[in-house]
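# Structural features, examined
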Amino acid sequence: MKRTIPPANQTITNAEMLQTLEDLTSRMKLASSLGQQYGGNRDLYEALGYKKELTTADFWNAYLRQDIARKVNNFPVNSTWRGEIKITDGKDDSPFTKEFEALADRTRLWNKITRVDRLTGLGQYAILVLGFDDVQNPDQFRNQVTAGENRRLLYVHAYSERSVEIEQWETDTKSERYGLPLLYKIKTTVPGDMNTTRDLLVHHSRVVHVAEELLESEVYGVPRLQGVYNRLDDLAKIVGGSAEMFWRGARPGYAAKTRENARLGPQDKSDLDQQFDEFEHELRRWMRIQGMDIESLAPQVSDPSNHVDVQLNMISGHSYIPKRMLIGSERGELSSQQDETNWNQYIDDRRDSFAEPMVLRPLVDRLIAVGTLPTPEKGEYQVEWPDLWTPSEKERSEIASNYSSAIKSYSSAAGASSIVPEKAFLREILGWSEEAIQQAFEELETALRDEEEEARRDQQTIEEETEEEGEGSVQGGGEEEE
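What comes next is a walk through the structure. Please read these numbers as outputs of a predicted model, since none were measured by experiment.

Helix and strand counts for the chain come out as 15 helices and twelve strands. Looking at the chain as a whole, 32% of its 482 residues qualify as buried. Surface exposure of the chain reaches about 31,300 Å², of which carbon and sulfur atoms provide 49%.

This is how it looks when you write it as structure tokens:
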């Protein structure tokens, strides 16, 4: 049954008003307590110039203008969705599997999913808007999706929190959606006119709501850049300050000292100020000075790398991104391998706790419910992620070399098999599975049988050739006697 939700007549219920006031009060109390030390006598945030209340505009500005901020936001996203991800009910040729693959290609679905994940990090949430074919005009977006066989998905759009407002909430405590959005208001551009925007009311059944690192709320998550925002500020100060320090230090300052008994009138001082000003701004390359000595001031330039390193360590620790990956540098084979192992584990956890349950399954379940996708066989489907632990070509070569050296040393050591049996060596030392050991011994037995058979055939061939040569010799001798 199609359900139409009115635009709330631009009114707010008492419960919604009370909830809004409570949220604002809570945020104000939290913001005012940030940086308080010594019983409130010292405000650390104020002293260091940190913002106490951050908005989506702050995160967007950092993302667009700060290189490390963009890396912190995008790197886990790109690692999570990299490779071929498969949604299947267990059969590659089933209607469900084939239809999803066709839909994903047609709507560029994986690109949109990756984009909404990036946008989620720049706010408390982001949304995917599903454009079904039951909408004839923009006003019908506020209606619940009309479910039906072969309900076609035409397009998918991703929006960040800065373009979205939650217009209406479910306040019925008997509803399974209690406390969740019913209606979204999205600020969109008018097709063909990028300078004109309009508000579009969209029903929740046409929206996949994505939020990461949920705490008490089921709607609002923690922005990905929020925890490192102060460190990004500090990094900007250090890097920008070092550039300014070098700029000023590369062109040393000058001091003018009046000689003993020299006197300067008001006009002389005015002329001197003008000459120094023109010299500083490179409008003049020389100065005419009388009764004064000019001395060059020693520049004060220091290396900021240690200070930058401290900030990068803090950003790396919070974001789980190994520092060598954060700044794109190698720092030795051991650290490189360990960093990659830790990062792969983090991405595995992110797939299990966020990407699949909070993004993929809500999307696929919605498409099945409205009839866009057929029901999977046995009513279930699986998400098959690409293996993060597949060794590279270089790693496979190194593993093969290590295996060969270990087996060679074991096989050439006298009495080694009496101390550590062959299967125990493969299982305990090389870490082979029972299945791999069984397969290896079966293939070894097959190879030995083949070698024995080949040796038998070779021996038989030699014997036959010897018999033929003997018979030829006997016949040759008989002819000579005749």
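Moving on to the environment of Thr97. Mapped onto the secondary structure, Thr97 falls in helix 5 (residues 95-107). What makes Thr97 buried here is its relative accessible area of 0%. If near-sequence neighbours (up to four positions away) are discounted, Thr97 is found in contact with Ile87, Thr88, Asp89, Lys91 and Asp92. Side-chain polar atoms of Thr97 contact the side chain of Asp89, separated by 3.1 Å.

Now for the side chain of His203. Here His203 lies in strand 8 (residues 193-203). In this structure the side chain of His203 is engaged in a polar contact, spanning 2.8 Å, whose partner is the side chain of Ser205.

In total, this model carries 22 salt bridges according to the counting rule given. The salt bridge involving Glu377 is made with Lys91; its shortest N-O contact spans 3.3 Å. With Glu377 in the loop between helix 11 (333-369) and strand 12 (382-384) and Lys91 in the loop between strand 3 (86-88) and helix 5, this residue pair connects regions lying 286 residues apart in the sequence. You can call Lys91 partly exposed: its relative accessible area is 43%. A salt bridge links Asp134 to Arg206; the shortest N-O distance between them is 2.9 Å. With Asp134 in the loop between strand 4 (126-132) and strand 5 (153-160) and Arg206 in the loop between strand 8 and strand 9 (207-210), the pair connects residues that are 72 residues apart, well separated along the chain. For Asp134, a relative accessible area of 15% translates into the label buried. Arg206 gets classed as buried once you look at its relative accessible area, which sits at 1%.

Reading the values: the criteria
- Residues numbered from 1 in each chain as written.
- Predicted model: local features only at pLDDT ≥ 70, side-chain atom pairs only at ≥ 80, totals over all residues.
- Heavy atoms only, no water.
- Helix = DSSP H or I, 4+ residues; strand = E, 2+ residues; numbered from the N terminus.
- Buried < 20%, exposed > 50% of the residue type's maximum accessible area, 1.4 Å probe, protein only.
- Areas by Shrake-Rupley, 256 points an atom, 1.4 Å probe, with all protein chains shown as cover.
- Contact = heavy atoms within 4.5 Å.
- Polar contact = N/O pair within 3.5 Å; in protein donor to acceptor, adjacent residues only side chain to side chain.
- Salt bridge = Lys/Arg side-chain N within 4 Å of Asp/Glu carboxyl O.

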